[in-house]
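An overview of the molecular structure
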Amino acid sequence: QVQLVESGGGLVQAGGSLRLSCAASGTICSINYMGWYRQAPGKQRELVAGIINGGIPNYADSVKCRFTISRDNVKNTVYLQMNRLKPEDTAVYYCKSVMNDESYWGQGTQVTVSS
């Protein structure tokens, strides 16, 4: 069974940094997309950053030049380096991947930025 496991969330002060990781495991024949989304209380889930095979990463305007998405294709892992965090970045962050032509979500990891 294919699954995504996230790690790296936590509590950080404004201006600080966190690095999220999302590892895919199971019988994986192909990974066409990996990305990060977030959902704040009372708000809809939104794209933070995503990267398709051979493509250029895309970012939400609110995180450009602060967050960086990267992939390790050997480890089937996607990372999100978050710098200069702001209180409005507080949310549950979810990893999403299209593997074996199906979409999968991770369980989510809480990121809280204090002012």
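Everything numeric in this text was worked out from a predicted model, so none of it was measured.

**What about the overall build of the chain?**
Secondary structure assignment for the chain yields 0 helices and 11 strands. The order of α-helices and β-strands along the chain, N terminus first, is β-β-β-β-β-β-β-β-β-β-β. Relative to the 2.2 N^0.38 estimate, which gives 13 Å for 115 residues, the radius of gyration of the chain is 14 Å and therefore close to what a compact globule would have. The 115 residues of the chain split such that 40% are buried. A fraction of 53% describes how many contacts in the chain between residues 6 or more apart in sequence connect residues 24 or more apart. Of the roughly 6,200 Å² of accessible surface on the chain, a fraction of 48% belongs to carbon and sulfur atoms. Mean positive and mean negative side-chain charge positions of the chain (11 and 8 charges, respectively) differ by 6 Å.

**A few points about the pattern of salt bridges**
Where charged atoms of side chains with opposite charge meet at close range, the side chains can pair. Counted under the stated rule, the structure contains 4 salt bridges. A salt bridge links Arg66 to Asp89, with the nearest nitrogen and oxygen atoms 2.8 Å apart. Of this pair, Arg66 sits in the loop between strand S6 (58-59) and strand S7 (67-72) while Asp89 is found in the loop between strand S8 (77-82) and strand S9 (91-99), placing the two residues 23 residues apart along the sequence. Of the residues examined, Arg66 reaches a relative accessible area of 6% and is grouped as buried. Asp89 gets classed as buried once you look at its relative accessible area, which sits at 1%.

**Some words on the side chain of Lys96**
Note that Lys96 resides in strand S9. The charged side chain of Lys96 is buried without a salt bridge, its nearest counter-charge being Glu6 at 12 Å.

**Quick notes on the nonpolar core**
One finds Trp36, Val48, Phe67, Leu80, Met82 and Tyr93 to be the most contacted residues of the largest nonpolar core, which totals 28 residues. Taken together, the elements giving at least two residues each to this core come down to strand S3 (18-25), strand S4 (31-39), strand S5 (46-52), S7, S8, S9 and strand S11 (109-114). Not counting residues within four places of it along the chain, the set of residues in contact with Phe67 comprises Arg38, Val48, Tyr59, Leu80, Gln81, Met82, Asn83, Leu85, Asp89 and Tyr93.

**Some details on the sheet that holds strand S1 (residues 3-7)**
Whether parallel or antiparallel, the strands of a sheet pair through hydrogen bonds between backbone atoms. Spatial ordering of the open sheet is given by S1-S3-S8-S7, a layout of 4 strands whose pairing is antiparallel. Edge positions in the sheet fall to S1 and S7, since each has one partner strand and no second. For this sheet, the mean angle separating the axes of adjacent strands, direction not counted, is 15°. Bridge count for S3 against S8 is 6 bridges, and the pairing is antiparallel. Looking across to S8, one finds that Ala23 is bridged to Thr77.

What counts as what
Residues numbered from 1 in each chain as written. Predicted model: local features only at pLDDT ≥ 70, side-chain atom pairs only at ≥ 80, totals over all residues. Heavy atoms only, no water. Helix = DSSP H or I, 4+ residues; strand = E, 2+ residues; numbered from the N terminus. Rg over C-alpha atoms; globule rule 2.2 N^0.38 Å. Buried < 20%, exposed > 50% of the residue type's maximum accessible area, 1.4 Å probe, protein only. Contact = heavy atoms within 4.5 Å. Areas by Shrake-Rupley, 256 points an atom, 1.4 Å probe, with all protein chains shown as cover. Lys, Arg positive; Asp, Glu negative; His and termini not counted. Charge placed at Lys NZ, Arg CZ, Asp CG, Glu CD. Salt bridge = Lys/Arg side-chain N within 4 Å of Asp/Glu carboxyl O. Core = buried A, V, L, I, M, F, W, Y, C linked by side-chain atoms within 4.5 Å. Pairing = 2+ DSSP bridges. Axes fitted to C-alpha atoms, helices over the stretch in contact; angles between N-to-C directions.

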